[in-house]
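Below are the chains, spelled out letter by letter.
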Amino acid sequence: MPEMAGRRRDFWWSVTVLAFLTVLAFLVYPLATVLGTSFTGEGNRFVLADNYQRFFTHRYYYSSIINSLYLSTLATLGAVLVGTALALAVVRYPLPGKTFLRTAANLALLSPPFIGAYSWVVLFGRMGLVNRILGTFGWELPTIYGWRGILLVFIVQYFPFVFLLVSAALRSVDQSIEDAALSLGSPPRRTFRTAILPVIAPSLTAGALLVFMATMADFGTPMIIGEGLRTLPTLMYGEFINELGGNPAMASTLGSILILVNTTALMAQRYYAFRKAYNVVCIQPLKVQRISPGNRAVLTVIAYAVVAVALIPSTTIIISSFMPTRGPVMYAGFSLQSYQTIFHLVPRAIANTFMLTTMAVLLDVLLGVLVAYLLARRRSHVHALLDALIMLAYAIPGTVVGVGLIVVYNRPPVLLTGTWIILLVSYFIRHLPYPVRTCTAMLQQIDVRVEEASVSLGVPPFRTFLKVTIPLMFPAILSGAALSWMTTIGELSSSILLYSGPWATMAVAIFTEVFSNHFGTASALASILIAAAFVPLFLTYRVLGERAALGM
Amino acid sequence: MTRVRVEGIVKRFGDTLAIDGVSLDVSPGELFTLVGPSGCGKTTLLRIIAGLLEQDAGTVRFNEDRMDDVPPYLRNIGVVFQNYAIFPHLTVGENIAYGLKARRMPPDRIATKVAEAAKLVQLEGLVARMPAQLSGGQQQRVVLARALTIEPRLLLMDEPLSNLDAKLRVQIRALIRTLQRELRITTIYVTHDQEEALAISDTIAVMDRGRILQVGKPWELYLRPGNRFVADFIGTMNVLLGRVEGPGQAPGRLSVVMDFGERWQVQATGTPGQPISIGIRPESLQLLPGGNGTEAWNALQGTVTEVVYLGPVVRYQLRVAEEIDVTAEIHNPDFSAIHAVGDRLTLWFAAGRAVGLPGEAGRA
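Quantities reported herein were computed from a predicted structural model and do not represent experimental measurements.

Our focus in this paragraph is the overall build of chain A. Tallying secondary structure elements over chain A gives 25 helices and four strands in all. Here the C-alpha atoms of chain A give a radius of gyration of 24 Å, agreeing with the 24 Å that 2.2 N^0.38 yields for 552 residues. C-alpha extents for chain A along the principal axes are approximately 70 × 70 × 50 Å. Counting the 552 residues in chain A, one finds 55% classified as buried.

Next comes the structure, spelled out in C-alpha cells:
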C-alpha cells in the first residue's frame, strides 16, 4: 500500500512527524551542539580550528586517538579472527554440542564490557584470586592492566558477536555453491576464498563494524583496567567532568572526532555491504566435513576452550558475588554478605535501573514498531532520512550523547539535567535502532498482500495493522525488545555523565564500587545485572526458538 | 451482479506510464481476463479497480456507482492474490471468517457461513488447521473461500494459479470456473498465461505497455487477431510479408504477391501496391500430397530444417526463402506425414485461414 501514503495527513503522517521531532530533539540537536561547541573558544566566540589544532599538537590529547584507533583496530581484527574461526569450526566440522556452543556464545554477550574488565581484575588484578594463588608459589603473571588487558577484554567480549553473525551467514550458504566451485577445479582453500567468503562478507564486515564502533565507544573498560591510558571516550569524560572546571569545548572536540570516526566506519561498511550483498537461496546448507578423530578431538578442545574463556567474566562475577570479601580481597567460602550490603546500601539504584530500563524499552518498542512500519511500507526520501538518523544513534558513543544532552538541556526552558528524564531520554534514543532493525527486517519478509487482503475484506488500514501486521511482527518485536533491554540495563557511558544524586543506576553503582575497591558489592550488583539481562533473552528463546531470537 | 466500467484510467509511477488511458466494460456475471506480458500494467489495473492503488485519471464504476473515492475496505470486493496472502497466524476457519467479522456478523451466522464456504472449496475437516499445515493448493482454496464468503460485488484474481504445479493449476482453474458460474459473480482475472486465459475466460483483453490492444471472446482473439502483438501473444503465428496486387477472386479477398514469390488469396483489405503482413497459424498449414489447385487454397514450398515429433503432433520448421522460416504443425500425423530434415515439401492452407495483420507491415 505504499501508494496510499502521503495522500492525506493520516495517522502515519503524525508518526513520521513525531519520530522526526524525537530524533531531532534528542539526537540531532545535541550532536549538532557538540559539533558546534567544538568550534567555540573563549567567551563563546567562533573559532575555526583552535580546538582541533590543540588536539593534534598536544601529545596529551592526540595520544587518545592513537590509542583508541590502535586498540579498536586490533580488537576488531582479533574478534573477527577468533569469531570467524570458531564459526567455521562449528558450522563445517562435526563438533559435539553445537547448540551448547551457540548458547554459551549468546550468554557471553550478556555482561556489559566494563563488567568483563572488572572480572579480569578480580581474577588477575593485583589482589586477584589467581594472582594470589600463584603468588603463594612465588609465581607472577604479566599485568592485566594497560592496553594488553583492554585488548584481551575487548576480544573476549566481542568475538561471540562475530561468531553468531558469521555462523548465521555460513548456515545460509548453499552447498551447491561449494560443489560448483570444486567441480570447476577450484581447490578447497581457493573455493573458500573465492566462493564462500564473498557470500558471508556482508555479515563478517557487519560484525567487524559492530566490534569497531563498540570498542571505540567503550568508556568503562579503559577506565577500569587502563590505568590512566587515555582513549577518546575516557579523555572526553575527563575533560567534561573536571574538578578544576570542565572544558566543554575540548570535550566536544573529542566527541566530534569520535562521531566522525564511527560514522565513517558505519558508512564505509554500509556502502560495502550494499554493493556486495547477494541474495542467497539456501536449500541445502553446507555439508559438515569429515575429519579424522584426532583432528576432531583437537578442534573440539580448542572450540570449547575459546567459548569457556568467553564465559569466564560472567562466571567469575557470579561466583565472586557469593564469596566473603574485605575490600578488593576475596576469601574462599560462601556468604550472602555482599547481597545484604547492596540491598541495604543501594536499593535505590536497583529500582532506578529496572524502572528506567523498562520505560526506555517500552518507548523503544512502541516507536520502533511504528517507525519500522513506515520504513518498510511507506518508503520515501523523508523516511530514508529518518532511517539514517536513527542508525546514527547506533554509531554515536554514549559519552557523546551524554555530553550533548547535558549541553542542550541544562537550562530552562527545558531543564532536564539532574532528573531521571535525561537518563530515560538517553537510553530510549540510543537503543531505538534495535527494535527498528528487527521489525523492519521482519516486515520485509511479510508479504504486503497479506495486509491488502485484510483491507479488501473490509478491515480499514489501521485496524489491519493491529489485527494482522502486529501479530505477524510479534517475534521481531520480542527480540528487538530483548536486545534493547540487554543493552540498556548495563549502560554506563552516558549514565555516568547524566546521573545525579538519587538517580544513580546499577551500572553507575558497580563502577563506583569498583573504584572504591568494594569488589564484593560490585560483584553482587553485576550478578543481578547479568541475571536481569538474561531473563528476557531466555524468554525470547523459549517463545521463538534460537534462530528467531538471533534475528538481529 | 455487477457491471464494471473503467473509463480513461491513467497511472504513472515516476516517469513511467503504467496505464495509458484504459477503458473497459465488464458485463455482469462474466469472467473477464486481462492477459499480457509481465509489466504490461494488468496487475496495476486490477489494483486500481480494487482500490489498493489510486489512479491519476479516469473513473471506475460498479454498476452506476463511482468508486474513485471509495476506500478499498468499503468496496466489498474479494481479492485473490498470486502468493495466497493467507493470514499465517489464523486458522483456516478464522481466515475464512475474517471478512465476516469485519462486517460484525453474529458468531452463529459466521460459523454457518464458514462451514458453507469450506464445503464449497472442498476444505471440510481442515477448518481448525493452521495455514502452514496446508499444501499450496489448499491454501489457495482457503483464500478463495475467504474472498467468496463476504459475498463480494466483484471478484478480483491476480495470477491465482502461478504458484501451483501444473496438475493443481488445472484442478483449481476448474474449481474457480465452476464456482464463478454457480455464484454468477463478476470476475476480473489477471494472468500472463495465454493458455490459461483461453481456457477460463468469457472475455479476454490483451494488454501491452499500459494499453488494451484487443478485447474479445477467446476464439475471436485467436482466429482474428487485430494486430501483430495479439497474434504473437495468443498462440503462435507465422507472419509473412507481401504486397497487395489487387482484388481477389472472391468478395472480401485480396490477391497478394508474397516476398518469396508465391501469389496468394487472403482474407484482408488493402489497396494495390501496399505492403501487407499475412498471419497463418502453424496448424492451418497442411501437407496435402500434390495439393489442391483451386483458388481457395494457397501454397508455399520450403525445406525442412527441424522436426519435433510429439506424438499427437509433429512440428516442422521450414525454410521458405532466404531468412524466412515458417512453423507447421501436422496433427494426428500418419506415416505419410513424417518427413526428415532436408526434405522439400509443399504446404497448403485455406485462403480463409490467412489473416491480414494491419499497421505493422514491414516490421519484423
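Next comes the rest of the account.
The next thing to look at is helix α5 (residues 113–124) of chain A. Residues and elements named next belong to chain A. Taking 1.5 Å per residue, 12 residues should reach 16 Å; α5 reaches 16 Å between its end C-alpha atoms and fits that length. Here α5 lies mainly inside the structure; 11 of its 12 residues are buried. The set of residues buried in α5 consists of Pro113, Phe114, Ile115, Gly116, Ala117, Tyr118, Ser119, Trp120, Val121, Val122 and Leu123.

Looking now at the packing of aromatic side chains. Residue and element names in this part refer to chain A. Counted by the stated rule, this structure contains 30 aromatic pairs over all chains. An angle of 20° between the planes, with centres 6.1 Å apart, marks the rings of tyrosine 158 and phenylalanine 161 as stacked. Placement of the pair is tyrosine 158 and phenylalanine 161 together in helix α7 (residues 147–170), with a separation of three residues, close to one helical turn. Exposure remark for tyrosine 158: the relative accessible area of 6% places this residue in the buried category. Overall, phenylalanine 161 belongs to the partly exposed group, its relative accessible area being 26%. An aromatic cluster is defined as three or more aromatic residues linked by ring pairs; in this entry it consists of Phe11, Trp12, Tyr373, Phe462 and Phe465. Seen from the ring of tryptophan 503, arginine 348 lies directly overhead, with NZ or CZ sitting 4.6 Å from the centre.

What follows covers the confidence of the model for chain A. All names here are of chain A. When pLDDT is averaged along chain A, the result is 85; 96% of the residues meet or exceed 70. The model gives residues 1–6 a pLDDT under 50, and that stretch makes 14 contacts with residues more than four places away or in other chains. Across residues 547–552, where pLDDT falls below 50, the model places 13 contacts with residues more than four positions away in sequence or in other chains.

Right, let's talk about the pairing of strand β8 (residues 187–191) of chain B for a bit. Residues and elements named next belong to chain B. Counted residue by residue, β8 has five buried out of five residues, so it is predominantly covered. Going residue by residue along β8, you find Thr187, Tyr189 and Thr191 tucked away on one face and Ile188 and Val190 tucked away on the opposite face as well. Looking at chain direction, strand β3 (residues 31–35) and β8 are connected through five bridges and run parallel. By the bridge assignment, leucine 31 is partnered in β8 with threonine 187. Across four bridges, strand β7 (residues 154–158) lies against β8 in parallel orientation. Opposite leucine 155, over in β8, you have threonine 187 as the bridge partner.

With that out of the way, let us pick up the interface of chain A and chain B. Listed as interface residues are 22 residues of chain A and, on the opposing side, 26 residues of chain B. Taken together, both faces of the contact between chain A and chain B bury some 2200 Å²; the carbon and sulfur share is 61%. Across the chain A-chain B interface, the total number found is two salt bridges. For the salt bridge of Asp158(B) with Arg449(A), the shortest nitrogen-to-oxygen distance reads 3.4 Å. In this assembly, chain A and chain B are joined by five residue pairs in polar contact (both at pLDDT 80 or more). Elements with a contribution of two residues or more to the side of chain A that touches chain B: α20 (448–456) and α21 (461–489) of chain A. Taken together, the residues of the side of chain A that touches chain B sort by class into 11 nonpolar, four polar and seven charged.

Looking now at the environment of Leu318(B). Residues and elements named next belong to chain B. Note that leucine 318 resides in strand β16 (residues 313–321). A C-alpha to C-alpha distance of 9.1 Å links leucine 318 and valine 307, two positions 11 residues apart in sequence. Once residues lying within four places of it in the same chain are set aside, the contact partners of leucine 318 are Gly302, Thr303, Val304, Thr305, Ile324, Asp325, Val326, Ala328, Leu345 and Leu347.

Scanning the model with the defined rule gives 21 salt bridges over all chains in all. The partner of Arg47(B) in a salt bridge is Glu452(A), with the nearest N and O atoms 2.7 Å apart. Of this pair, Arg47(B) sits in helix α1 (residues 42–50) while Glu452(A) sits in helix α20, placing the two residues on different chains. The exposure class assigned to Arg47(B) is buried, which follows from its relative accessible area of 13%.

Glancing now at the packing of helix α19 (residues 433–445) of chain A against α21(A). Residue and element names in this part refer to chain A. Their axes nearest at 8 Å, the elements α19 and α21 cross at an angle of 155°. One way to sum up the angle between α19 and α21 is to call them roughly antiparallel. At the point where α19 passes α21, the crossing takes the right-handed sense. Counting all contacts with α19, which are made through Tyr434, Pro435, Thr438, Cys439, Met442 and Leu443, the residues of α21 involved are Thr469, Leu472, Met473, Pro475, Ala476, Ile477, Ser479, Gly480, Leu483, Ser484 and Thr487. Its residues assigned to classes, the contact of α19 with α21 shows 11 nonpolar, six polar and no charged.

Procedures and definitions
- Residues numbered from 1 in each chain as written.
- Chains lettered and ligands numbered in written order.
- Predicted model: local features only at pLDDT ≥ 70, side-chain atom pairs only at ≥ 80, totals over all residues.
- Heavy atoms only, no water.
- Helix = DSSP H or I, 4+ residues; strand = E, 2+ residues; numbered from the N terminus.
- Rg over C-alpha atoms; globule rule 2.2 N^0.38 Å.
- Buried < 20%, exposed > 50% of the residue type's maximum accessible area, 1.4 Å probe, protein only.
- Expected span 1.5 Å × (residues − 1).
- Phe/Tyr/Trp six-rings, centres within 6.5 Å; stacked < 30°, edge-to-face > 60°.
- Lys NZ or Arg CZ within 6 Å of the ring centre and 35° of its normal.
- pLDDT = per-residue confidence, 0-100.
- Contact = heavy atoms within 4.5 Å.
- Pairing = 2+ DSSP bridges.
- Buried area = accessible area lost by both parts, 1.4 Å probe.
- Salt bridge = Lys/Arg side-chain N within 4 Å of Asp/Glu carboxyl O.
- Polar contact = N/O pair within 3.5 Å; in protein donor to acceptor, adjacent residues only side chain to side chain.
- Nonpolar A, V, L, I, M, F, W, Y, C, P; charged D, E, K, R; others polar.
- Axes fitted to C-alpha atoms, helices over the stretch in contact; angles between N-to-C directions.
- Parallel < 35°, antiparallel > 145°, perpendicular 65-115°, else oblique.
- Left-handed = near helix turned anticlockwise from the far one by under 90°.

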